[in-house]
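Chain and residue survey
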Amino acid sequence: MSAGSSIAVRPAEERCRQSSLERALTCAFWRTVQNEPMPVMAALEAAARALGRLYRQTAAAHGPGGSCGCGWQPDPEADLIVLEAMLAAAMMQQPVEDLAEMEVAGRA
């Protein structure tokens, strides 16, 4: 279960959900960069701003008077540390060929 979440989800199910979101974000990023070419850092900066906005919107839904009842309480300072660590880990991680993570290229 992710830090700060009170929704009970099995670790394998959470990994699957996270992988699905990562694939969707990655596909959207590359599709946009292909259709609207721009410098690499400009594209990554835009992605970082979008993630920051997603955090702010999600935190607003979970703060005082928020509409979600999952129990997560935003902690911007601690959450930023976790997000920075995840970014650093992803940047340093060597690619691993995992059949479950590969995109489908066609039909057999």
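Refer to the preceding data block for the structure.
Residues numbered from 1 in each chain as written. Predicted model: local features only at pLDDT ≥ 70, side-chain atom pairs only at ≥ 80, totals over all residues. Heavy atoms only, no water.

Remarks on the overall build of the protein chain
Across its full length, the protein chain carries 3 helices and 0 strands. Counted from the first residue to the last, the protein chain has its helices and strands arranged as α-α-α. The buried share among the 108 residues of the protein chain stands at 11%. Taking the contacts inside the protein chain whose residues are at least 6 apart along the sequence as the reference set, 31% of them involve residues at least 24 apart. Roughly 9,100 Å² of accessible area belongs to the protein chain as shown, and the carbon and sulfur atoms make up 63% of that amount. (Helix = DSSP H or I, 4+ residues; strand = E, 2+ residues; numbered from the N terminus. Buried < 20%, exposed > 50% of the residue type's maximum accessible area, 1.4 Å probe, protein only. Contact = heavy atoms within 4.5 Å. Areas by Shrake-Rupley, 256 points an atom, 1.4 Å probe, with all protein chains shown as cover.)

A closer look at the packing of aromatic side chains
On inspection of all chains with the given rule, the structure shows 2 aromatic pairs. Here Phe29 and Trp30 contribute two aromatic rings whose centre-to-centre distance is 5.1 Å and whose plane-to-plane angle is 85°, an arrangement assigned as edge-to-face. Judged by relative accessible area, Trp30 falls into the exposed class, the value being 53%. Where Tyr55 meets Trp72, the ring centres are 6.0 Å apart and the plane angle is 90°; that geometry is what we call edge-to-face. Here Tyr55 is found in helix H2 (residues 40–62), whereas its partner Trp72 is found in the loop between H2 and helix H3 (76–92), with 17 residues between them in sequence. (Phe/Tyr/Trp six-rings, centres within 6.5 Å; stacked < 30°, edge-to-face > 60°.)

Concerning helix H1 (residues 11–35)
Look at H1: 36 Å from first C-alpha to last across 25 residues, which is about the 36 Å you get at 1.5 Å a residue. Where H1 is concerned, the buried positions are Glu14, Ser19, Phe29 and Val33. If you follow the buried residues of H1, they end up packed against H2. (Expected span 1.5 Å × (residues − 1).)

Here's the deal with the pattern of salt bridges
For the structure shown, the criterion picks out 2 salt bridges. The shortest N-O distance in the salt bridge between Arg10 and Glu13 comes to 3.8 Å. Glu13 gets classed as partly exposed once you look at its relative accessible area, which sits at 29%. When the shortest N-O distance is used, the salt bridge between Arg17 and Glu13 registers 2.5 Å. With Arg17 and Glu13 both in helix H1, this residue pair falls 4 residues apart, about one helical turn. One network of salt bridges, in which partners are shared, links Arg10, Glu13 and Arg17. (Salt bridge = Lys/Arg side-chain N within 4 Å of Asp/Glu carboxyl O.)

Some words on H2
Helix length check: H2, at 23 residues, gives a terminal C-alpha distance of 33 Å against a target of 33 Å (1.5 Å per residue), a fit within 8%. Considered for burial, the residues of H2 that qualify are Ala43, Ala59 and His62.

A short note on the environment of Val33
Secondary-structure assignment places Val33 in helix H1. Judged by relative accessible area, which is 18%, Val33 ranks as buried. The sequence separation of Val33 and Ala43 amounts to 10 residues, and the corresponding C-alpha distance is 7.2 Å.

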